[in-house]
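If you want the building blocks of each chain, they are given just below.
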Amino acid sequence: MGQKLKVEKVDIFIVPMELKYPFTTSFGTEKKRRVVIVSLESGDLKGWGECTAGEGPWYSYETVDTAVHIAKEFLVPLVLKQEFNNPTEFYQRISVVRGNNMIKAAFEEAFWDLYAKSLGKPLYVLLGGVRTKIFSGVSIGIKGSIDELIRHINMYLNMGYRRIKIKIKPGWDIEVVRQVRRQFPEIPLQVDANAAYDISYITLFEELDKYNLLMIEQPFHYEDLVDHAYLQKRIGTPICLDESIHSIHLAKAAIALGSTRVINIKPGRVGGIIQSKEIHDYAKERNIPVWIGGMLESGIGRAHLVALATLPNVRYPNDVSASDRYYHEDIVEPEFKLNKDGTISVPNGPGIGVEVKEEFIEEKAIDIFEWS
Ligand code: OSB
Ligand code: MG
């Protein structure tokens, strides 16, 4: 279906975006992101993707600067002036680059957007999405005090968010969860350790098991599938792997070992939309629910997350919040807004379905690279 798409032009924009609130996890604090935006042009169509790499190699080994390096030296030469029938061909072409999933995902997302626009269809429809609203949760970083955290939780609940995720790390865990649960006995609540613990903390997790959490996200090292399986046998709360699952292969291993009962899918981490869908489908067949995670994306990355969150096996609320939870001004129009029922509506236009504010991006960008 459709006609071949020739990638006639590639643009990369490095756009500084300042978060409204610093975001602290067990591995560090983010306040300013340099967002790497990729645009691919064919005829009068443009597709957009976003790289989720951070400033430092903390969440993953990729950084903004390694992403730009891989893009310039390897990905652009692979795709510029090339023709592709569909995203699968595009994906196969760039998958000769090992790892570096976040920058490959940005390119593949841009191609999906271009492809969907060429067919005049919304991206979520092409992916096989089954809903026009997605459930939105909010992920709250580590704060200076438990009181400050509780104020933030109250603020987000008042805005309409229905599920709260809090970050934990050694020393900011059981007492925090105990007090949050005392204040909010009924809310859907989950915790995310970002790999800050190891098996020597098993009694701490047995204790956390008593607080009716939806799930415990990535307690241990990202390579440690065996100890996650051991922990999962000892607690009733589902373990959800994030950092560990950077490919379909790791998803298979984690499911086979019983290391995870829920999977957080992030297109940046797994290397794009095709990989996300493959993990989604594999998990679906094995009755492992998934949800879509976030990396503090701007509106471009967010639009791709929203499209993925329409897939049928997405059975928990997503770390996909409204634009104004992250930034004072987003780079797309309209911005993503929270509905009263705690959902975000899925844009219905072709491709990602939101307009990219190109002038705004060009003005803000600290670097622009172009190839044609
Ligand atoms: O572990 O899910 C995570 C942000 C940066 C790095 C890792 C994570 C996160 C989040 C943010 O939790 C989720 C969001 O974008 O709202
Ligand atoms: Mg996580």
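Quick note: structure is the one above.
Below is a short write-up of the structure.

Calculation notes
- Each chain has its residues counted from 1, running along the sequence as written.
- To read the labels, note that chains go from A and ligands from 1, taken in the order they are written.
- For a predicted model such as this one, the threshold for reporting local features is a pLDDT of at least 70, and the threshold for listing and counting side-chain atom pairs is 80 or more; totals across whole chains, interfaces and linings nevertheless cover every residue.
- The side-chain numbers reported here are obtained from all heavy atoms of the structure, hydrogens and water having been left aside.
- We count a stretch as a helix when DSSP gives it H or I for four or more residues in a row; a strand needs E for two or more, and each element gets its number in order from the N terminus.
- Buried, partly exposed and exposed residues are distinguished by accessible area as a fraction of the type maximum, computed with a 1.4 Å probe on protein chains only: under 20%, between the cut-offs, and over 50%, respectively.
- The charge count treats Lys and Arg as positive and Asp and Glu as negative. His and the chain ends do not count.
- Salt bridges are defined by distance alone: a side-chain nitrogen of Lys or Arg within 4 Å of a carboxyl oxygen of Asp or Glu.
- In protein, a polar contact requires one atom able to donate a hydrogen and another able to accept it; more generally it is a pair of N or O atoms within 3.5 Å, and residues adjacent in sequence count only if both atoms are side-chain atoms.
- Convention adopted: a line fitted to C-alpha atoms gives each axis, helices being fitted over their contacting stretch, and angles between N-to-C directions are expressed from 0 to 180 degrees.
- Throughout this description, any angle smaller than 35 degrees is read as roughly parallel, any larger than 145 degrees as roughly antiparallel, any in the 65 to 115 degree range as roughly perpendicular, and the remainder as oblique.
- Each crossing is labelled by how the near helix is turned from the far one, with a counterclockwise turn of less than a right angle marking it left-handed and a clockwise turn marking it right-handed.
- Whether two residues are in contact is decided by their heavy atoms, any of which lying within 4.5 Å being enough.
- Note that Gly is not counted as nonpolar here; it falls among the polar residues with everything else outside the nonpolar set of Ala, Val, Leu, Ile, Met, Phe, Trp, Tyr, Cys and Pro and the charged set of Asp, Glu, Lys and Arg.
- Paired strands, in this sense, are two strands between which DSSP finds at least two bridges.
- Only protein atoms enter the 1 Å grid, on which a cavity is a set of points fitting a 1.4 Å probe that cannot get out and a pocket is an open set with protein on both sides within 12 Å along at least 5 of 7 lines, lining residues being those with an atom within 4 Å of a point.
- Grid points are joined across faces, edges and corners, and a volume is the space filled by probe spheres set on the points.
- Fitting one axis to the seven residues ending at a residue and another to the seven starting there, the bend at that residue is the angle between the two axes.

1. Points about the side chain of E108
Here is step 1: As for its position among the elements, E108 is in helix α3 (residues 101–119).
Here is step 2: Lacking a salt bridge, the buried E108 has K104 as its closest oppositely charged neighbour, with an N-O distance of 9.4 Å.
Here is step 3: A distance of 2.6 Å separates the side chain of E108 from the backbone nitrogen of I273, its partner in a polar contact.

2. Considering the packing of helix α1 (residues 64–79) against helix α2 (residues 87–94)
Here is step 1: Following both chains from N to C, one finds α1 and α2 inclined at 140°, their axes separated by 9 Å at the closest point. Considering the angle they form, α1 stands oblique to α2. α1 and α2 meet at a crossing whose hand is right-handed. Within the contact between the two elements, α1 uses L75, L78 and V79 and α2 uses F90, R93 and I94.
Here is step 2: Of the residues contributing to the contact of α1 with α2, the split by class is 5 nonpolar, no polar and 1 charged.

3. Describing the pairing of strand β4 (residues 45–51)
Here is step 1: The element β4 is extensively covered by neighbouring structure, given that 5 of its 7 residues are classed as buried.
Here is step 2: Where strand β3 (residues 28–42) hands over to β4, the hairpin turn is made up of 2 residues, of which G43 adopts a positive phi near 60°.

4. Observations concerning the layout of surface pockets
Here is step 1: Its boundaries defined by the atoms lining it, the largest pocket holds a volume of some 600 Å³.
Here is step 2: Looking at the largest pocket, it is lined by 28 residues, and the ones nearest its centre are Y61, N101, E243, H246 and R269.
Here is step 3: Of all the secondary-structure elements, those providing two or more residues to the lining of the largest pocket are α3, α9 (248–257), α10 (267–270) and α11 (273–285).
Here is step 4: Per-class residue counts for the lining of the largest pocket are 10 nonpolar, 13 polar and 5 charged.
Here is step 5: What the second largest pocket holds in volume is close to 420 Å³.
Here is step 6: Around the second largest pocket, the lining is made up of 31 residues, and of these F23, F27, E30, M295 and L296 lie nearest the centre.
Here is step 7: Where the lining of the second largest pocket is concerned, the elements lending two or more residues are β2 (9–25), β3, β8 (163–167) and α13 (323–326).
Here is step 8: A per-element tally of the lining of the second largest pocket places β3 first, with 6 residues.

5. Some thoughts on α1
Here is step 1: Most pronounced at A71, the bend in α1 amounts to some 45°.
Here is step 2: Listing the buried residues of α1 in full gives V64, A67, V68, I70, A71, L75, V76, L78 and V79.
Here is step 3: Downstream of α1 by one or two residues, K81 has phi in the positive range, about 70°.

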